[in-house]
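Summary of structural features
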Amino acid sequence: MTPSVGVVIPTRGDRPGPLREAVAAVLAQDHAGRLDVVVVADGVSAREVSGQLAGQVGLREAGQAGGQPAGGWEAVRVLPNTRTPGLPGARNTGIDACDTDLIAFCDDDDVWLPGKLAVQLHALRDGGEFASCGIEVEHRGHRVARLAGASVVTAADLIRSRMVMVHSSTFLFRRGELRPDESAPAGQNEDWDLALRAAKRRPLVHADRPLVLVRWAGSHYAARWADRIAGLEWMLARHPELAVDPCGAARVYGQLAFGHAALGRRRAAVRWAARALAARPREPRGPLALAVAAGLVSAPRVLSALHDRGHGI
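Notes on the structure follow. If you're wondering where the values come from, they're calculated on a predicted model, not measured in any experiment.

**Describing the pattern of salt bridges**
As enumerated under the stated definition, the model contains 24 salt bridges in all. When the shortest N-O distance is used, the salt bridge between Asp-99 and Arg-34 registers 2.9 Å. Taken together, the residues Asp-99 in the loop between helix 3 (87-97) and strand 4 (102-105) and Arg-34 in the loop between helix 1 (16-27) and strand 2 (35-41) connect sequence positions 65 residues apart. Judged by relative accessible area, Asp-99 falls into the partly exposed class, the value being 47%. Two residues, Arg-238 and Asp-181, come together in a salt bridge whose shortest N-O distance is 2.9 Å. Placement of the pair is Arg-238 in helix 7 (residues 225-238) and Asp-181 in the loop between strand 9 (172-174) and helix 6 (190-201), with a sequence separation of 57 residues. Accessibility expressed as a relative area gives 30% for Arg-238, which makes it partly exposed. Overlapping salt bridges, with partners in common, bring together Glu-21, Glu-136, Glu-138, Arg-143 and Arg-215 in one network.

Laid out in structure tokens, this is it:
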């Protein structure tokens, strides 16, 4: 029997065009089972978001429940975030609204590519709990495929590297097993935390081909440096093993150094950069943070150059 899938798409209502494209791409997936799409309005009225999607045949009104979605736009509901404001709460609101076998996430500015759902469902057939896939990163007209080079992702992999291809818009997992943690500061790293907790239970099954288009230009999180620092400190507290693996520790320390440098906190940047280089002398984020702290280059310029290559800090 083909499992039913609930797709949760949080939105702040500020990207109506990409949101319509994201929903349409989900509905275009070749899926023989029931597909229930829940768009969660976070910090904006559900009626306003419904208006952005207006004109799509069969779209159910905000808050309207009932029935088995028939497919197409009849499968779409728009609901308000009734939990903690922010991305984790919005995602959990969507999970609460679904009675499907599986849950999937998609950001409102990302696009599922053809075959995404079918390939991941096939990968889950052997008893997996959580699936991810490769992505194609788009930034300023550049597109770069990011692949894992493996068919499984372990907890050790996610400790050693954030693995950008294990992106929230690729997540497909069994409903009831896992949920985003709403204590994540400003929603930072809630997706990494969720994937890491899942991998600690059982390795993630990974379809290593680009099946989701991830757009970085409109990210709400890229330059919120104070929030990013808080999110990294939250991850270190929740997953102490991040400080044990030399590569993982150096990466996180280097990100902390860069965040402080971007905020003009030179002493903190130097301190974290030193820790990064002590953990792994070849860690590139340490020198980048020091260059930003010294005023040799701006943080946005470094971030933009990295994004053009499909990488983040």
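Moving on, there is more to tell.
**Some thoughts on the packing of aromatic side chains**
Summed over the entire model, instances satisfying the criterion amount to 6 aromatic pairs. For the pair Phe-130 and Phe-173, a centre-to-centre distance of 5.3 Å together with 10° between the ring planes defines the contact as stacked. With Phe-130 in strand 6 (residues 130-139) and Phe-173 in strand 9, this residue pair connects regions lying 43 residues apart in the sequence. The structure contains a cluster of three or more aromatic residues connected by ring pairs, namely Phe-105, Phe-130, Phe-171 and Phe-173. Lying across the ring of Trp-112, Lys-116 places its NZ or CZ 3.8 Å from the centre. Seen from the ring of Tyr-253, Arg-275 lies directly overhead, with NZ or CZ sitting 4.4 Å from the centre.

**Quick look at the side chain of Arg-15**
Turning to its location among the elements, Arg-15 is positioned in the loop between strand 1 (5-11) and helix 1. A polar contact is formed between the side chain of Arg-15 and the side chain of Asp-109, at a distance of 3.3 Å.

**Focus: the environment of Leu-242**
Inspection of the secondary structure puts Leu-242 in the loop between helix 7 and helix 8 (246-262). The sequence separation of Leu-242 and Val-297 amounts to 55 residues, and the corresponding C-alpha distance is 29 Å. In contact with Leu-242, other than residues within four places in its own chain, are Ile-159, Trp-192, Met-235, Leu-236, Gly-248 and Ala-249.

**Here we look at the environment of Leu-102**
Mapped onto the elements, Leu-102 comes out in strand 4. A residue is classified by how much of its surface remains accessible, and Leu-102, at 2% relative accessible area, is buried. Taking the C-alpha atoms as reference points, Leu-102 and Gly-6, separated by 96 residues in sequence, lie 6.2 Å from one another. Apart from the residues lying within four places of it in its own chain, the contact partners of Leu-102 are Pro-3, Ser-4, Val-5, Gly-6, Leu-121, Leu-124, Leu-172, Phe-173, Arg-174 and Arg-175.

The rules behind each value
Residues numbered from 1 in each chain as written. Predicted model: local features only at pLDDT ≥ 70, side-chain atom pairs only at ≥ 80, totals over all residues. Heavy atoms only, no water. Salt bridge = Lys/Arg side-chain N within 4 Å of Asp/Glu carboxyl O. Helix = DSSP H or I, 4+ residues; strand = E, 2+ residues; numbered from the N terminus. Buried < 20%, exposed > 50% of the residue type's maximum accessible area, 1.4 Å probe, protein only. Phe/Tyr/Trp six-rings, centres within 6.5 Å; stacked < 30°, edge-to-face > 60°. Lys NZ or Arg CZ within 6 Å of the ring centre and 35° of its normal. Polar contact = N/O pair within 3.5 Å; in protein donor to acceptor, adjacent residues only side chain to side chain. Contact = heavy atoms within 4.5 Å.

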